[in-house]
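One-letter residues, chain by chain:
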Amino acid sequence: MNIKTLAFLGFSAFLGGVIAWAFKSSQEEIDRIIKSRPKIHSNVVWIKNIFLSGETPIGVGQFDSRETKDVIVAGGEVGVGRGPMIFALSGDGGHIIWSRRFAFPVKNEPIIIKINDDALDDVIVSGESNNVYALDGKNGSLLWSLAKANANIDFGDKYFSEISLIDDLDADGIKDLLLRQEVSNSEENNSAKVNDGGKIYKVSSKTGKILSSYDSFANISSSAAALYFKNGSESTLILPYGTASERGMLVALNYKTMEEKWRYPFDNEGKVFSLAATIPKKNWSDSVLFALNSSGSLVKLNTENGQVKWMRTYEGWEATTNPVLGHFNDDGVIDVAAVFSLGQWPDYKKAKIVWFDGKNGQVINESNFGLYAQASPLTADFNGDGYDELIVISNSSTERDETTPSLFAVFDGKTNGLISDISFSGYSASTPQLTDVDDNGMLDLLMNVHGQVFRVSLKHSRRAVKRWYKLNGPNGNGSFAP
């Protein structure tokens, strides 16, 4: 039994154990917090060693006849061991349903969608490649590749960004895809303005055929997911652009005409992460988004006109994850949290989590936590009190190997105090997922720590659980508040 297993078995005794934190003021306050804290127990359901570390977020779908949800996980590098691979694992026991090798690292979030006529989900993947693949969820066989489906098109050598689901454009009953071939294929190129000739495609999910194509809207590389949403009778597409050494920007488009509505340039250099937004069912003019770049600048914008609501920059700190939405105070406005590291990659000194008031951008609280986080945080209201707990994974080094200690932690939604933290041996880069695998009313945590995949069942209060549980949302088109 290895150190990861021991760590989680220790964790499963009681995740809700109270740890004293710095801002406690009195025994009365401590007693109040203890009584109101989320009651969360847990147990390890299974652990599967796939021997492949990876950065790809975990996907969830139905890939066999069992009633439980199943898991998609990818990892591996070219020339190392078995090379890049993708696995479908059963949700109930973690056994391999199927696996498939690739010639490139599959680093983008997998899109889970029903394409063929069976009852199972299928998978669309991309990564460090100029091609996109649709796989049969039953056995991993190829349904189509973008290059073969469009053999008359030269796709050059740029990589594809994160994939988003959009409307059903070809009336076949299946949502279609937005593909952005806007990622330079080398670190050297990614640091310069080399995105001339980048393309954006609307593609049939059923066949892989390109339905329409457009030139890039910015001369900058981009890997983050597009934000796509409907606001009344109009649909909007917002594209994030930016690399570590360039000033990034956001470009908003009318989805149907692909005409530009507005653009927002950041004042500093930095990769722009995937976006998070709140889109009310009424009063579309109140729709807002949160955008974060790697230089530590967080901005809240009106999605209709790009007007800045507020902007905060952490000088000397680099942001390292996507922002995550949640309720962290009692004003009824959606708030936002993110992880920052002090210093410049790869020479970081420490990391901290910052909770921001969504109304005005003021800091609600902050907490030091490890050295560097690559996996984006998750939020869930475990006890139904209206405040969202924050789940974060941090690494103690930027070295991506099995000896790098990593730290898993849960922070209380109301107090932002640390509920529990456990240590692992192994670098963790893959964003986990919260889902109810067996539909028993309790959430499960699915995570990959340097090639070991865990399913942990969380036993929490049987109250309504609001959650922002998946990196780019269920459709890969941005994180939205419910």
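Residues numbered from 1 in each chain as written. Predicted model: local features only at pLDDT ≥ 70, side-chain atom pairs only at ≥ 80, totals over all residues. Heavy atoms only, no water.

Chemist: Could you give an account of the overall build of the protein chain, with specific residues and numbers?
Modeler: Along its length, the protein chain carries 4 helices and 35 strands. Per-residue burial over the protein chain gives 60% buried out of 482 residues. For the protein chain, long-range pairs separated by at least 24 residues make up 54% of all intrachain contacts whose partners lie at least 6 apart in sequence. When the accessible surface of the protein chain is split by element, carbon and sulfur atoms take 48% of a total near 18600 Å². (Helix = DSSP H or I, 4+ residues; strand = E, 2+ residues; numbered from the N terminus. Buried < 20%, exposed > 50% of the residue type's maximum accessible area, 1.4 Å probe, protein only. Contact = heavy atoms within 4.5 Å. Areas by Shrake-Rupley, 256 points an atom, 1.4 Å probe, with all protein chains shown as cover.)

Chemist: Account for the pairing of strand 12 (residues 199-203), with residues named and values stated.
Modeler: The buried fraction of strand 12 is high, at 4 of 5 residues. Sheet topology places strand 11 (residues 176-181) next to strand 12; 5 bridges connect them, and they run antiparallel. Across the sheet, the residue bridging to Gln-181 is Lys-199, located in strand 12. Pairing of strand 12 with strand 13 (residues 210-215) involves 5 bridges; the strand directions are antiparallel. Pairing of Lys-199 across the sheet is with Asp-215, part of strand 13. Hairpin connection of strand 12 to strand 13: 6 residues between the antiparallel strands, including Gly-208 at a positive phi of 80°. (Pairing = 2+ DSSP bridges.)

Chemist: Before we move on, can you summarise the confidence of the model for the protein chain with the specific residues and values?
Modeler: Taken over all residues, the pLDDT of the protein chain has a mean of 84, while the share at 70 or more is 86%. Low pLDDT, under 50, characterises residues 1-38; the predicted model gives this stretch 73 contacts beyond four residues in sequence or across chains. Low confidence marks residues 187-195, where pLDDT is under 50. Its contacts with residues over four positions away, or in another chain, come to 21 contacts. (pLDDT = per-residue confidence, 0-100.)

Chemist: Tell me what's going on with the side chain of Ser-430, and back it up with residues and numbers.
Modeler: Looking at the element boundaries, Ser-430 is found in the loop between strand 30 (418-425) and strand 31 (433-435). Residue contacts for Ser-430: discarding those within four places in its chain leaves Gly-54, Glu-55, Thr-56, Pro-57, Ile-58, Ala-375 and Asn-448.

Chemist: Quick rundown of the nonpolar core? Include the residues and the values.
Modeler: Grouped together as the largest cluster of nonpolar side chains are 19 residues, with contacts concentrated most on Ile-391, Phe-408, Phe-424, Leu-434, Leu-445 and Met-447. Mapped by element, the contributors of at least two residues to this core are strand 27 (378-380), strand 28 (389-395), strand 29 (405-411), strand 30, strand 32 (444-449) and strand 33 (452-459). Judged by nonpolar contacts, the second largest core, of 18 residues, contains Ile-111, Ile-124, Phe-155 and Leu-179. (Core = buried A, V, L, I, M, F, W, Y, C linked by side-chain atoms within 4.5 Å.)

Chemist: Residues and numbers for the pairing of strand 33, please.
Modeler: Counting buried residues in strand 33 gives 7 out of 8 residues, a clear majority hidden from the surface. With 6 bridges connecting them, strand 32 and strand 33 associate as antiparallel partners. Bridging across to strand 33, Val-449 finds its partner in Gln-452.

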